[in-house]
Amino acid sequence: MAGCMTTAPTAEVRRSISSGGRCQIQQPETNVGLRVLPSLIKGECQTNSGCWTPPSVLVSCPRALMVARNTMLDRGRGMRQLAGLDNPAFLTPPISWVSVTVAMLVGIAIGMAIAIGIARSRALTPATKLEDADGALLMPHELRRALNRDEFVLHYQPKIELGTGRVSCLEALLRWRHPERGLLAPAEFLSVAEQDPELIDPLTSWVLRRALADYTAWTAAGHDWTVAVNLSARNLGSLEFAGTVGQILQDAGVRPDRLNLEVSEIDFAFDPEQAEQVIGALAAQGISSSIDDFGLGYTTLSQLQALKVSEVKIDQSFVVDLPGNEHQCARVRSLIDLGHSIGCLVTAEGVEWQEVADWLVSAGCDQAQGYLWLRPRAWTEVAQVFGDVDAKY
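Note that this is a predicted model, so its numbers are computed, not measured.

A. Region of interest: the overall build of the protein. Secondary structure assignment for the protein yields 14 helices and 13 strands. Out of the 393 residues in the protein, the part that is buried amounts to 49%. If you take every contact in the protein between residues at least 6 apart in sequence, the share linking residues at least 24 apart comes to 64%. A total accessible area of about 18700 Å² is found for the protein, and carbon and sulfur atoms account for 51% of it.

B. Here's a closer look at the pairing of strand β10 (residues 288-294). Among the 7 residues that make up β10, 5 are buried, leaving the element largely enclosed by the rest of the structure. Here strand β9 (residues 259-264) runs beside β10; their pairing, made up of 5 bridges, is parallel. Paired with Leu261 across the bridge in β10 is Ser289. With 3 bridges joining them, β10 and strand β11 (residues 311-314) adopt parallel strand pairing. What sits directly across from Ser290, in β11, is Glu311. Crossover β10 to β11 through helix α10 (residues 301-306) is right-handed.

C. Representation of the packing of aromatic side chains in the model. Following the criterion strictly, the structure yields 8 aromatic pairs and no others. Seen from their ring centres, Phe152 and Phe189 are 5.9 Å apart, and the 45 degrees between their planes marks the pair as tilted. Of this pair, Phe152 sits in strand β5 (residues 152-161) while Phe189 sits in the loop between β7 (182-184) and α5 (190-194); the two residues are 37 residues apart in sequence, bridging distant segments of the chain. Of the residues examined, Phe152 reaches a relative accessible area of 2% and is grouped as buried. Accessibility expressed as a relative area gives 0% for Phe189, which makes it buried. On the numbers, 5.4 Å between centres and 90 degrees between planes, the contact of Tyr156 with Trp218 is edge-to-face. Taken together, the residues span a long stretch of sequence, with Tyr156 in strand β5 and Trp218 in helix α6 (residues 197-220) at a distance of 62 residues. In terms of burial, Tyr156 and Trp218 fall into one category: buried. Among the aromatic residues, those joined into a cluster by ring pairs are Tyr156, Tyr215, Trp218, Trp225 and Trp379. One residue, Arg375, lies across the ring of Tyr371, its end atom 3.9 Å from the ring centre.

D. How the structure looks around the confidence of the model for the protein. Residues at a pLDDT of 70 or more form 64% of the protein, whose mean pLDDT is 73. Segment residues 1-105 is flagged for pLDDT under 50; beyond a separation of four residues in sequence, or across chains, it makes 193 contacts in the model. Note that pLDDT drops below 50 for residues 107-131; the model gives that stretch 45 contacts with residues more than four away or on any other chain.

E. Representation of helix α7 (residues 240-252) in the model. Over its 13 residues, α7 runs 19 Å from end to end, which matches the ideal 18 Å to within 8%, given 1.5 Å per residue. Of all the positions in α7, only Phe241, Ala242, Val245, Gly246, Ile248 and Leu249 are classed as buried. Along α7, the residues classed as buried sweep out an arc of 160 degrees about the axis, all on the same side. Along α7, the residues that are exposed and aim more than 90 degrees away from the buried face are Glu240 and Gln250. Those residues of α7 hidden inside the fold are in contact with α6, β9 and α9 (272-284). Looking at the residues trailing α7, positive phi occurs at Gly253, about 70 degrees.

Parameters at a glance
- Residues numbered from 1 in each chain as written.
- Predicted model: local features only at pLDDT ≥ 70, side-chain atom pairs only at ≥ 80, totals over all residues.
- Heavy atoms only, no water.
- Helix = DSSP H or I, 4+ residues; strand = E, 2+ residues; numbered from the N terminus.
- Buried < 20%, exposed > 50% of the residue type's maximum accessible area, 1.4 Å probe, protein only.
- Contact = heavy atoms within 4.5 Å.
- Areas by Shrake-Rupley, 256 points an atom, 1.4 Å probe, with all protein chains shown as cover.
- Pairing = 2+ DSSP bridges.
- Right-handed = clockwise from strand over helix to strand, strands pointing away.
- Phe/Tyr/Trp six-rings, centres within 6.5 Å; stacked < 30°, edge-to-face > 60°.
- Lys NZ or Arg CZ within 6 Å of the ring centre and 35° of its normal.
- pLDDT = per-residue confidence, 0-100.
- Expected span 1.5 Å × (residues − 1).
- Arc of directions from axis to C-beta.

Spelled out as structure tokens, the structure:
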């Protein structure tokens with residue numbers, strides 16, 4: 001059959017499969033591994049003519065983890081890019097639907113592994129819907145279209161001052177009003193955008209401009225709340241970003257000290273020196289920054305002291321077991337003390353129960369946010385709930 005890959009799995013791979021083990025390929029250039037479960041490589045993964053389909057080739061090929069370009073599959077809705085092989089190959093009929101499904105899943109898994117990076121993972125199995133697999137491939141295109149069609153919206157979650165019970169800031173949280181799938185949370189699309197400068201840069205600019213426009217609107221309505229916007233690691237990759245933020249603030253007519261930028265502690269770890277320069281350039285303009293997901297990363301005390309941040313936000317995984325877990329209570333107290341020792345406000349994330357909020361007050365935490373007070377929603381709805389009325393911590 002023309003274009004059919006005839007390379008079968010190696011003996012080592014076959015032995016691993018037959019013994020119920022897992023096969024893993026590692027490509028040094030990307031440091032991304034692919035695990036293929038035994039259930040994916042069976043006899044039904046052969047084409048009707050007996051040739052092996054790309055999943056088997058991918059497992060046996062030492063250089064299989066290349067950028068997804070070469071192998072393509074036509075499912076009647078245009079050519080879909082799958083997995084990169086050493087040489088171009090095409091799946092041509094007749095092929096069983098099982099092998100097509102596996103080929104798509106393995107190809108998409110490789111593409112997503114390379115795109116998302118080693119810090120995150122994604123599991124794809126034969127139970128994955130083909131429509132979902134198509135969505136993974138088409139998402140970059142859909143995200144660009146969504147920007148052009150203004151399909152994104154911002155919801156907000158308030159930060160509560162535990163000492164006074166008042167709202168101090170609204171954190172902007174991106175949502176995508178997908179025309180077919182409904183309202184999507186960032187976890188369903190943001191990791192794709194973060195790997196493409198042509199996506200994440202304009203998307204970040206859109207979020208900043210919309211958040212500042214909303215800030216102007218609620219300020220005009222009499223609400224003294226600052227606004228916080230989340231950044232990605234890629235935003236910290238260039239000092240030009242600080243200038244871009246400054247220009248957006250100037251265009252919006254908003255004072256720099258009214259904007260807070262949040263960056264995950266894990267994202268700081270990718271290039272601490274570069275992050276320090278960008279955060280410093282933002283601070284020089286009067287723009288404050290926060291370390292999000294505090295406690296999960298690998299930031300050293302010296303790095304924390306060097307970063308010009310004004311707030312640390314304790315990750316919700318540390319908060320969920322309070323106050324019943326003594327070990328977790330000790331950890332959170334140490335994180336609060338550490339934050340205060342470097343001159344930062346300390347905010348606890350993911351607070352859902354009153355007893356947790358009470359414990360945080362006794363531990364000296366400054367602020368908190370979570371479902372106890374409000375789920376993310378449009379700022380106008382936040383204003384309806386709170387207005388000028390104090391929140392009960």
